[in-house]
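# Coordinate analysis (summary)
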Amino acid sequence: MVLTAVYVSWRAGRLDRLHIRLELARESLDAALVRRAAVCLELAASRILDPATSLVLAAAAHEARTAGPPEREHAESELSRALRAVLDQERFREKLGETPAGPELLQELDSAVAKVVYARRFYNNAVGVTRAAQRRLLARTLRLAGHTAYPDFFEIDDAPPQALAAE
């Protein structure tokens, strides 16, 4: 009986730690997404891009920052597509490199895009592990997760632009 109680307690503690890891991963993902949108807004406002391109990028970044939970994945995917459309223009790197603030902005954007990719992978991994732990027979039978719903994966189009991936 004591061994069973210890095992159940251990499983409950593990599930609790997984939920904490999941929350931390979600916060990290949110921070990476906000940072990417901020850098995109900075690039759009820098007057390095032509006005139409700046407007498209700024609109996508603003939509990603203000989107609510139901439409967040779509808005972030739209920002990724807008970013690729802007940065994958012909000779974009050379044009940006000729400006005083260009190389610094490109480096900052590269870092922000990479962090989004890593944060999303880490979060989705945490979701997978947590869902598997919640689905175990013992966890379901004894309600070790309480009334917590299964966490959802965060699926967005986060492929980096070729201009950034080439570096």
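Small disclaimer: the values here were computed from a predicted structure and weren't measured.

What follows covers the environment of Arg 65. Inspection of the secondary structure assignment puts Arg 65 in helix 2 (residues 51–66). When the C-alpha atoms of Arg 65 and Val 34 are compared, they prove to be 6.4 Å apart, with 31 residues separating the residues in sequence. The contacts of Arg 65, once residues within four sequence positions are left out, are Val 34, Ala 37, Ala 38 and Leu 41.

We now examine the packing of helix 1 (residues 2–45) against helix 5 (residues 102–135). The N-to-C vectors of helix 1 and helix 5 enclose an angle of 155°; their axes lie 8 Å apart at closest approach. Judged by the inter-axis angle, helix 1 sits roughly antiparallel to helix 5. Crossing geometry of helix 1 relative to helix 5 is assigned as left-handed. Here the residues of the contact of helix 1 with helix 5 are counted per class, giving 22 nonpolar, five polar and nine charged.

Take the packing of helix 1 against helix 2 next. The contact between helix 1 and helix 2 brings their axes to 9 Å, and the two run at 155°. One way to sum up the angle between helix 1 and helix 2 is to call them roughly antiparallel. Relative to helix 2, the crossing made by helix 1 is left-handed. Side by side, helix 1 and helix 2 meet where Val 34, Ala 37, Ala 38, Cys 40, Leu 41, Leu 43 and Ala 44 of the first sit next to Ser 54, Leu 57, Ala 58, Ala 61, His 62 and Arg 65 of the second. When grouped by side-chain class, the residues that make up the contact of helix 1 with helix 2 number ten nonpolar, two polar and one charged.

A word on the environment of Ser 77. Considering the arrangement of structural elements, one finds Ser 77 in helix 3 (residues 72–87). The class of Ser 77 is buried, set by a relative accessible area of 9%. Along the chain, Ser 77 and Asp 110 lie 33 residues apart, while their C-alpha atoms are 17 Å from each other. Contact partners of Ser 77, with chain neighbours within four places excluded, come to Ile 156 and Asp 157.

To continue, consider the packing of aromatic side chains. Taken as a whole and judged by the stated rule, the model has one aromatic pair. Here the basic side chain of Arg 26 rests over the ring of Tyr 123, its NZ or CZ set 5.4 Å away from the ring centre. The residue whose ring lies beneath Arg 135 is Tyr 150, and the NZ or CZ to ring-centre distance is 5.1 Å.

Take the layout of surface pockets next. In this structure, the largest pocket spans a volume of roughly 180 Å³. For the largest pocket, the full set of lining residues is His 19, Leu 22, Glu 23, Arg 26, Pro 69, Arg 72, Glu 73, Tyr 123, Pro 151, Asp 152, Phe 153 and Phe 154. Every element with two or more residues in the lining of the largest pocket is listed here: helix 1 and helix 3. The element that contributes the greatest number of residues to the lining of the largest pocket is helix 1, accounting for four residues. A class-by-class count of the residues in the lining of the largest pocket yields six nonpolar, one polar and five charged.

So, how was this worked out
Residues numbered from 1 in each chain as written. Predicted model: local features only at pLDDT ≥ 70, side-chain atom pairs only at ≥ 80, totals over all residues. Heavy atoms only, no water. Helix = DSSP H or I, 4+ residues; strand = E, 2+ residues; numbered from the N terminus. Contact = heavy atoms within 4.5 Å. Axes fitted to C-alpha atoms, helices over the stretch in contact; angles between N-to-C directions. Parallel < 35°, antiparallel > 145°, perpendicular 65-115°, else oblique. Left-handed = near helix turned anticlockwise from the far one by under 90°. Nonpolar A, V, L, I, M, F, W, Y, C, P; charged D, E, K, R; others polar. Buried < 20%, exposed > 50% of the residue type's maximum accessible area, 1.4 Å probe, protein only. Phe/Tyr/Trp six-rings, centres within 6.5 Å; stacked < 30°, edge-to-face > 60°. Lys NZ or Arg CZ within 6 Å of the ring centre and 35° of its normal. 1 Å grid on protein atoms, 1.4 Å probe; cavity = no way out; pocket = protein on both sides within 12 Å on 5 of 7 lines; lining within 4 Å. Points joined across faces, edges and corners; volume = space filled by probe spheres on them.

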